[in-house]
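Chain and residue survey
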Amino acid sequence: MTAGKSSGDQATPRVWQRMLSGRRLNLIEPSPLDIEIADIAHGLARVARWNGQTTGPHIFSVAQHTLLVEAVMREQTPRVDVSWRLAALLHDAPEYVIGDMISPFKAVLGEDYKAVEKRLLSAIHIRFGLPPVLADNITQAIKAADKGAAYLEATELAGFAQAEAKRLFGRDPGLSTATREDYLTPWSAAKAEKRFLARFKALAAA
């Protein structure tokens, strides 16, 4: 008769990730005290948008995407409070832990993925002085800016035709040529991390 496994062999699954800062972030019950902006910047600068299916010598990182979203929000709602610009910069911050799932895969995973994402985002908001859940009008403004950024990324980096991108993401947000060239030229991870941190510090101090 084969001996059964003892209860000691059934280890509890690890649900936390160790960060370079030394923090251990629990994905089931994330604590704001375990969240550091340096970890977020470092992680997002190394996560690829569009599953890496973009042109250029570097990935187009989530860190660079969030900076583009914040720039689009400034263009679309120039009088928006600086706190909500910070929220726009942090809108994809959970991806420093869970990665960037493309929208079709999120649809496949369903509510479980969304629940983890929402818990992480709420903890991040609390850590940096934002409401755990944003007001609907602010959430919608960020989503509109996110779609505007996605349109630009899709047409200039990811190979989408303008008609298809317009159907999926809406209209071109109308950024200046200089801004488009800057934000849509994929940066190195080091540059994306540095610029993300600099923008965070500027918004947090305003």
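See the structure shown above.
Okay, so let's go over this structure. (Residues numbered from 1 in each chain as written. Predicted model: local features only at pLDDT ≥ 70, side-chain atom pairs only at ≥ 80, totals over all residues. Heavy atoms only, no water.)

Now for the overall build of the protein. The helix and strand inventory of the protein stands at 10 helices and 2 strands. Ordering the α and β elements of the protein from the N terminus gives β-β-α-α-α-α-α-α-α-α-α-α. On C-alpha atoms alone, the protein measures out to a radius of gyration of 19 Å, which is about the 17 Å that the 2.2 N^0.38 rule sets for 206 residues. Seen along its three principal axes, the alpha-carbon backbone of the protein occupies a region of about 75 × 40 × 35 Å. (Helix = DSSP H or I, 4+ residues; strand = E, 2+ residues; numbered from the N terminus. Rg over C-alpha atoms; globule rule 2.2 N^0.38 Å.)

A separate point is helix α3 (residues 82-89). Those residues of α3 that sit buried are Arg85, Leu86, Ala87, Ala88 and Leu89. In this structure, the buried side of α3 is in contact with α2 (62-76), α7 (136-156) and α10 (189-205). (Buried < 20%, exposed > 50% of the residue type's maximum accessible area, 1.4 Å probe, protein only. Contact = heavy atoms within 4.5 Å.)

Taken as a whole and judged by the stated rule, the model has 9 salt bridges. For Arg23, the salt bridge goes to Glu36, with nearest N and O atoms at 2.9 Å. Of the two residues, Arg23 is situated in the loop between β1 (16-18) and β2 (24-26) and Glu36 in the loop between β2 and α1 (37-44); the sequence distance between them amounts to 13 residues. When its relative accessible area of 33% is taken as the criterion, Arg23 is described as partly exposed. Among the ionic pairs, Arg195 bridges to Asp182, the shortest N-O distance being 3.0 Å. In this pair, Arg195 sits in helix α10 while Asp182 sits in helix α9 (residues 177-183), placing the two residues 13 residues apart along the sequence. Residues participating in the shared-partner salt-bridge network are Arg23, Glu36 and Arg127. (Salt bridge = Lys/Arg side-chain N within 4 Å of Asp/Glu carboxyl O.)

A separate point is the packing of α7 against helix α8 (residues 162-169). Remark: α7 packs on α8, axes separated minimally by 9 Å, with the N-to-C direction vectors making an angle of 160°. With respect to their mutual orientation, α7 and α8 come out roughly antiparallel. Crossing of α7 against α8: the hand is right-handed. Contact with α7, carried on its side by Lys147, Ala150, Tyr151, Ala154 and Thr155, involves Gln162, Ala165, Lys166 and Phe169 of α8 and no other residues of that element. (Axes fitted to C-alpha atoms, helices over the stretch in contact; angles between N-to-C directions. Parallel < 35°, antiparallel > 145°, perpendicular 65-115°, else oblique. Left-handed = near helix turned anticlockwise from the far one by under 90°.)

Let's shift gears to the packing of aromatic side chains. The description of two aromatic rings rests on the distance between their centres and on the angle between their planes. Summed over the entire model, instances satisfying the criterion amount to 5 aromatic pairs. Here the aromatic residues Trp50, Phe160 and Phe169 are joined through ring pairs into a cluster of three or more. A cation sits over an aromatic face here: Arg14 above Trp16, 4.9 Å from the ring centre. Above the plane of the ring of Tyr183 lies Arg195, whose end atom (NZ or CZ) is 5.6 Å from the centre. (Phe/Tyr/Trp six-rings, centres within 6.5 Å; stacked < 30°, edge-to-face > 60°. Lys NZ or Arg CZ within 6 Å of the ring centre and 35° of its normal.)

Ranked by internal contacts, the top residues of the largest apolar core, which has 58 residues, are Ile40, Leu68, Leu90, Tyr96 and Phe196. Those residues within four positions of Ile40 in sequence are excluded, and the remaining contacts are Ile35, Ala93, Tyr96, Ile124, Phe128 and Phe196. (Core = buried A, V, L, I, M, F, W, Y, C linked by side-chain atoms within 4.5 Å.)

Residues other than glycine seldom take positive phi values, yet Trp50 does so here, at roughly 60°. Topologically, Trp50 is positioned in the loop between α1 and α2. Positive phi outside glycine occurs at Asn51, with the angle close to 55°. For Asn51, the location among the structural elements is in the loop between α1 and α2.

Time to look at the side chain of His125. Looking at the element boundaries, His125 is found in helix α6 (residues 111-127). Looking at His125, the relative accessible area reads 2%, which means it is buried. A polar atom in the side chain of His125 sits 3.0 Å from the backbone oxygen of Pro131. Every residue in contact with His125, bar those within four places of it in the chain, is listed here: Leu130, Pro131, Pro132 and Leu134. (Polar contact = N/O pair within 3.5 Å; in protein donor to acceptor, adjacent residues only side chain to side chain.)

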